[in-house]
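What follows is each chain in one-letter form.
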Amino acid sequence: MSWAGNILRVNLGTGVVTSEPLNMSWARQYLGSRGLASKYLVEEIDPKVDPLSPDNKIIWATGPLTGTMASTGGRYTVVTKSPLTGAIACSNSGGYWGAELKMAGWDMVIFEGRSDKPVYLFIQDGKAELRDAGHLWGKTVWQTEEMLKTELQDPQVRVSSIGAAGENQVLYAAVVNDLHRAAGRSGVGAVMGSKNLKAIAVRGTIGVGNLANPKEFMRVTAEKKKILAENAVTGQGLPTFGTQVLMNVINEMGASPTRNHRDVQFEGAKDISAEAMATPRKTDGKKPLVTNQACFGCTIACGRIQKIDQSHFSVQNKPEYWGATGGLEYEAAWALGNANGVNDLEALQYANMLCNEHGMDPISFGATIGAVMELYEMGVLTKEQLGMEAPFGSARALCHFAEITAKGEGFGKEIGQGSKRLTAKFGHPDLSMTVKGQEFPAYDGRAIQGMGLAYATSNRGACHLRGYTVASEVLGIPVKTDPLVTEGKPELVKAFQDATATFDSAGICIFTSFAWGLADVQPQVAAACGEEFTLENLNLIGERIWNMERDFNNRAGFTSKDDTLPKRLLTEPANSGPAKGLVAKLPEMLPEYYVARGWDHDGQVTAETRSRLGL
């Protein structure tokens, strides 16, 4: 079995660290990572708990394929109750940290309680201890990682930590590892900060050697890597252009939410696209994009490494930002750019660097700025309140807001609460482009109808990575469906949601699903974990995980009324592009989705579905 079979449990209140065996019955039902950690969470906390109280728990978890030779087997998840949404939070990250934890002999780390002072956890193979982090509190993610590697005298130590955003309870604070890889969404970093937990440093040399069928695993992973290499998306598009390959594609089809979703196409998209990142600048003749980068075990290498223009206003006197660092992904570029009408590529990179450095979700941050800029143009917010003029398109305002939000200064404290709370406070709640309090990613539900349904029903609030129907509706993977129609979309969304839960729980990257189906994942899981993991079993595991998350949210107080979209998407038609004149047709799809899910008309999991899934 490729699970390590061990869990670390850390009581931050008492400072006691203990080990316990992994619940293998649960592992067979929920696989690992997202599914298994969520199972532990829902069994151990009250769904109505205050997310920032000591009674909430936060879990770092790997999957059975994490740390193995499976392509992209470097993923880990952070699971807790979200302070941004009040729903279950499960945020996924790549890089090298997850594999390091697994190779240190641990599947999962569960933190409970709250420390009276800042601490960090140091894990070295089978040992772990809490240490004082007073000297790290107030430091950025970048500084924290460097200081811990020096302090522990090991440059190979991997660090998962928070920056100022997590310490200051920005409700969409991220947990960052390897400088610019992040468990980015739903405010997991704020929960970490509420517990006075600064970082987890881990060094693992034990490895992952207990596969069920090692020879078969070697054979089948090599076979599946070949599929990734030969696929147009995973073998060419993502390595060459990264996720930014979508910027012009989505914009041209009229599905790019612009200026807080008032528009669906951004005239400046070409200026902040993958192609622009690969084009020499007029100022210094250098390309913003330096190279691509891969996470642990990844054969796709979609990551971007980017350099900013040293003469740009944002960094003219800040040489610490002149070096190569994590570059713009599509979602961040959209949220910082299109959502605010900003087409200054260097400003976007600077704001993105601040999000990485201070540990902040660029999607929720950028989308919240979209609401701020609309309120400013309406005259609701003033220059005096914001510290500067902030119309749509202002690159200077974007950079200023990134600085004050991460540090919790001035109006940045309001921005750090997210757009739902901010717009409600200033009397215009309809301007918050959120589901369950979490801001939208980079696709408009009027032009991609399936994504509208996926957003509305996502267990962690608006999210593209809980059911990426863009693959089918835009890219034709695995089959092409018309993005403007609703027929068949409830079943499509359910299928994507369930499959994604299995991919996440195995410990691999969802980007492999551009080339792989569950039929490609199944033999890898079976060779690693045992023949009981049939295709039918994996399908059932994904569905079981989705329903478990849904049930937790229902018990936390969510109802069918929360499965909705902002009024703007439901009542204001798209004003350009192929979807011109269309609104999101959620009311047509939602009842059919409930039927497909086996829920009642109120969106509650029925007794029959519970029994079938073994919940």
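Everything below is about the structure printed above this text.
Anyway, here's the lowdown on the structure attached to this text. What you see is a predicted model; the values in this text were computed from it and never measured. (Residues numbered from 1 in each chain as written. Predicted model: local features only at pLDDT ≥ 70, side-chain atom pairs only at ≥ 80, totals over all residues. Heavy atoms only, no water.)

So, on to the side chain of Thr 243. Tracing the chain through its elements places Thr 243 in the loop between helix H8 (232-241) and helix H9 (246-252). In this structure the side chain of Thr 243 is engaged in a polar contact, spanning 2.8 Å, whose partner is the backbone nitrogen of Tyr 330. When neighbours within four sequence positions are excluded, Thr 243 is seen to be in contact with Leu 238, Glu 329, Tyr 330 and Phe 511. (Helix = DSSP H or I, 4+ residues; strand = E, 2+ residues; numbered from the N terminus. Polar contact = N/O pair within 3.5 Å; in protein donor to acceptor, adjacent residues only side chain to side chain. Contact = heavy atoms within 4.5 Å.)

This part covers the nonpolar core. With 154 residues, the main nonpolar core has Phe 365 and Phe 401 as its most contacted residues. Beyond its immediate sequence surroundings of up to four residues, Phe 401 is in contact with Phe 365, Ile 369, Val 372, Leu 386, Ala 390 and Ile 415. Among the nonpolar cores identified, the runner-up in size contains 26 residues, and Trp 106, Val 109, Val 119 and Met 192 belong to it. (Core = buried A, V, L, I, M, F, W, Y, C linked by side-chain atoms within 4.5 Å. Buried < 20%, exposed > 50% of the residue type's maximum accessible area, 1.4 Å probe, protein only.)

The next thing to look at is the sheet that holds strand E10 (residues 175-177). As summarised here, the arrangement of the six strands in space is E8-E7-E12-E9-E10-E11, forming an open sheet in which the pairing is mixed. The open sheet has two edge strands with one neighbour each: strand E8 (127-132) and strand E11 (181-183). Put simply, the sheet's adjacent strands are angled 20° from each other on average, direction ignored. Direction of pairing for strand E9 (residues 158-161) relative to strand E12 (residues 197-203): antiparallel, over a ladder of four bridges. Looking at the pairing, Ser 161 lines up with Ala 199 of E12. (Pairing = 2+ DSSP bridges. Axes fitted to C-alpha atoms, helices over the stretch in contact; angles between N-to-C directions.)

Attention shifts here to the pairing of strand E6 (residues 108-112). Counting buried positions along E6 yields five of five residues, so the element is predominantly enclosed. Bridge count between strand E1 (residues 6-11) and E6: five bridges; the pairing is parallel. Residue pairing for E6: Arg 9 is matched across the bridge by Ile 110. Bridge analysis of strand E3 (residues 58-62) against E6 gives four bridges, and the strand direction is antiparallel. In the sheet register, Trp 60 faces E6, and the bridge partner there is Val 109.

Our next topic: helix H20 (residues 489-506). Across its 18 residues, H20 extends 26 Å between first and last C-alpha, which sits within 8% of the 26 Å expected from 1.5 Å per residue. The buried fraction of H20 is high, at 15 of 18 residues. In the segment just after H20, Gly 507 is the residue with positive phi, at about 100°. (Expected span 1.5 Å × (residues − 1).)

Counting buried positions over the six residues of strand E7 (residues 119-124) gives five, a clear majority of the element. Note: E7 against E8, six bridges, orientation antiparallel. Residue Gln 124 lies in a different strand from E8, and its bridge partner there is Lys 127. The turn linking E7 back onto E8 is made up of two residues, and Asp 125 within it adopts a positive phi angle of 50°. As defined by bridge partners, E7 adjoins E12 across six bridges and the pair is classed as parallel. By the bridge assignment, Gln 124 is partnered in E12 with Arg 203.

A cis amide bond links Ile 477 to the next residue, Pro 478, at an omega of -10°. Positionally, Pro 478 belongs in the loop between helix H19 (470-473) and H20. The backbone phi angle of Asp 178 is positive, close to 50°, even though this residue is not glycine. Here Asp 178 lies in the loop between E10 and E11. Even without being glycine, Arg 259 reaches a positive phi, approximately 50°. On the secondary structure map, Arg 259 appears in the loop between H9 and helix H10 (274-277). You can call Arg 259 buried: its relative accessible area is 14%.

Attention now goes to the state of the cysteines. This model, assessed by the stated rule, comprises zero disulfides. Cys 295 carries a free sulfur, and the closest cysteine sulfur to it, the one in Cys 298, is 6.1 Å from it. Residue class for Cys 295 comes out buried when judged on its relative accessible area of 19%. Cysteine Cys 355 shares no disulfide, and the gap to the nearest cysteine sulfur, in Cys 399, comes to 11 Å. Taking the relative accessible area as the measure of exposure, Cys 355 reaches 1% and is therefore buried. (Disulfide = S-S within 2.5 Å.)

Now for the pattern of salt bridges. For the structure shown, the criterion picks out 42 salt bridges. Close ionic contact of Arg 262 with Glu 377 constitutes a salt bridge, the shortest N to O distance being 3.6 Å. Of this pair, Arg 262 sits in the loop between H9 and H10 while Glu 377 sits in helix H13 (residues 362-378), placing them 115 residues apart in sequence. The partly exposed category is assigned to Arg 262, whose relative accessible area is 33%. Overall, Glu 377 belongs to the partly exposed group, its relative accessible area being 40%. (Salt bridge = Lys/Arg side-chain N within 4 Å of Asp/Glu carboxyl O.)

To characterise two packed helices, one gives the angle between the axes of the helices and the distance between these axes. It is the contact of helix H22 (residues 535-556) with helix H24 (residues 586-597), at a shortest axis distance of 12 Å, that shows an interaxial angle of 120°. Considering their axes alone, H22 and H24 lie oblique with respect to each other. Facing Glu 543, Trp 546, Asn 547 and Arg 550 of H22, the residues of H24 in contact are Tyr 593, Tyr 594 and Arg 597. In terms of residue class, the contact of H22 with H24 is made up of three nonpolar, one polar and three charged. (Parallel < 35°, antiparallel > 145°, perpendicular 65-115°, else oblique. Nonpolar A, V, L, I, M, F, W, Y, C, P; charged D, E, K, R; others polar.)

As enumerated under the stated definition, the model contains 16 aromatic pairs in all. Both rings, one in Tyr 96 and one in Phe 296, keep their centres 6.2 Å apart while their planes meet at 85°; by these two values the pair is edge-to-face. Of this pair, Tyr 96 sits in the loop between strand E5 (88-93) and helix H3 (97-103) while Phe 296 sits in the loop between strand E13 (289-293) and strand E14 (303-306); the two residues are 200 residues apart in sequence, bridging distant segments of the chain. Classification of Phe 296 as buried rests on a relative accessible area of 18%. (Phe/Tyr/Trp six-rings, centres within 6.5 Å; stacked < 30°, edge-to-face > 60°.)

None of this, on its own, says anything about what the molecule does.
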